[in-house]
Amino acid sequence: MHGVTIALWQTASVEVMASITPPSLAATGQSFLSNVRGLFGSALGNLFGGIIIIANYGEAALYRGAAVLVGMGLLCYLSATGGCCRRCRPSEPGGTNVLGGTVVA
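Residues numbered from 1 in each chain as written. Predicted model: local features only at pLDDT ≥ 70, side-chain atom pairs only at ≥ 80, totals over all residues. Heavy atoms only, no water.

A. Examining a nonpolar patch on the surface more closely. A surface patch of nonpolar side chains, amounting to about 860 Å² of accessible area, comprises F32, V36, L39, F40, L44, L47, F48, I51 and I52. Inspection of the secondary structure puts F40 in helix α2 (residues 26–57). (Patch = residues over 30% accessible without salt bridge, like charges linked within 9 Å, V, L, I, M, F, W, Y side chains within 5 Å. Areas by Shrake-Rupley, 256 points an atom, 1.4 Å probe, with all protein chains shown as cover. Salt bridge = Lys/Arg side-chain N within 4 Å of Asp/Glu carboxyl O. Helix = DSSP H or I, 4+ residues; strand = E, 2+ residues; numbered from the N terminus.)

Okay, structure coming up:
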């Protein structure tokens, strides 16, 4: 399952970076993404996950905390996008979706 999620995340991050950078800086944007993910992501993950959380609370706390963060990210995504499927989104602007969010035109 981890391989699938990494592949989806990598594809999405490349698409987002391509959409926010001008065409003349596309390679620079992808390099920036790679460096931020590889250098800072690994350093922060090792520092907080390995040294601080595992040393003080154990491996189970690390994985539980990660699950909470992923769940919060999912809720933020669903709240921002108006739901996960077509039936969650009303067809009329100003209506509310299943999650209680207001749809803006």
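B. Structural view of the environment of V14. Along the chain, the position of V14 falls in helix α1 (residues 2–20). Assessed through its relative accessible area of 27%, V14 is described here as partly exposed. Once the C-alpha coordinates of V14 and G29 are considered, the two residues, 15 residues apart in sequence, prove to be 9.0 Å apart. For V14, the residues in contact, after removing those within four places along its chain, are Q30 and L33. (Buried < 20%, exposed > 50% of the residue type's maximum accessible area, 1.4 Å probe, protein only. Contact = heavy atoms within 4.5 Å.)

C. Here's a closer look at the side chain of S13. With respect to the secondary-structure elements, S13 resides in helix α1. Not counting residues up to four positions away in its chain, the partners in contact with S13 are L33 and R37.

D. Just the side chain of T21, in detail. Residue position: T21 is located in the loop between α1 and α2. There is a polar contact of 2.9 Å between the side chain of T21 and the backbone oxygen of M17. With near-sequence residues (within four places) excluded, T21 lies in contact with A26 and G29. (Polar contact = N/O pair within 3.5 Å; in protein donor to acceptor, adjacent residues only side chain to side chain.)

E. Quick peek at the packing of α1 against α2. Viewed as axis vectors pointing N to C, α1 and α2 meet at an angle of 135°, and their least axial separation amounts to 9 Å. Viewed along their axes, α1 and α2 adopt a mutual orientation that is oblique. Remark: the crossing between α1 and α2 carries right-handed chirality. Contact with α1, carried on its side by W9, Q10, S13, V14, M17 and A18, involves G29, Q30, F32, L33 and R37 of α2 and no other residues of that element. Its residues assigned to classes, the contact of α1 with α2 shows six nonpolar, four polar and one charged. (Axes fitted to C-alpha atoms, helices over the stretch in contact; angles between N-to-C directions. Parallel < 35°, antiparallel > 145°, perpendicular 65-115°, else oblique. Left-handed = near helix turned anticlockwise from the far one by under 90°. Nonpolar A, V, L, I, M, F, W, Y, C, P; charged D, E, K, R; others polar.)

F. Summary view of α2. The sharpest bend along α2 measures roughly 30° and falls at G41. Three or more residues of α2 are buried, namely G29, L33 and G49. At its buried positions, α2 is contacted by α1 and α3 (59–81). Note on α2: the residue one or two positions beyond its end, G58, has a positive phi of about 100°. (Bend = angle between axes of the 7 residues up to and from the residue.)

G. Here's a closer look at the packing of α2 against α3. The contact between α2 and α3 brings their axes to 7 Å, and the two run at 120°. With respect to α3, the element α2 is oriented oblique. Facing G49, I53, I54 and Y57 of α2, the residues of α3 in contact are E59, A61 and L62. Split into classes, the residues belonging to the contact of α2 with α3 amount to five nonpolar, one polar and one charged.

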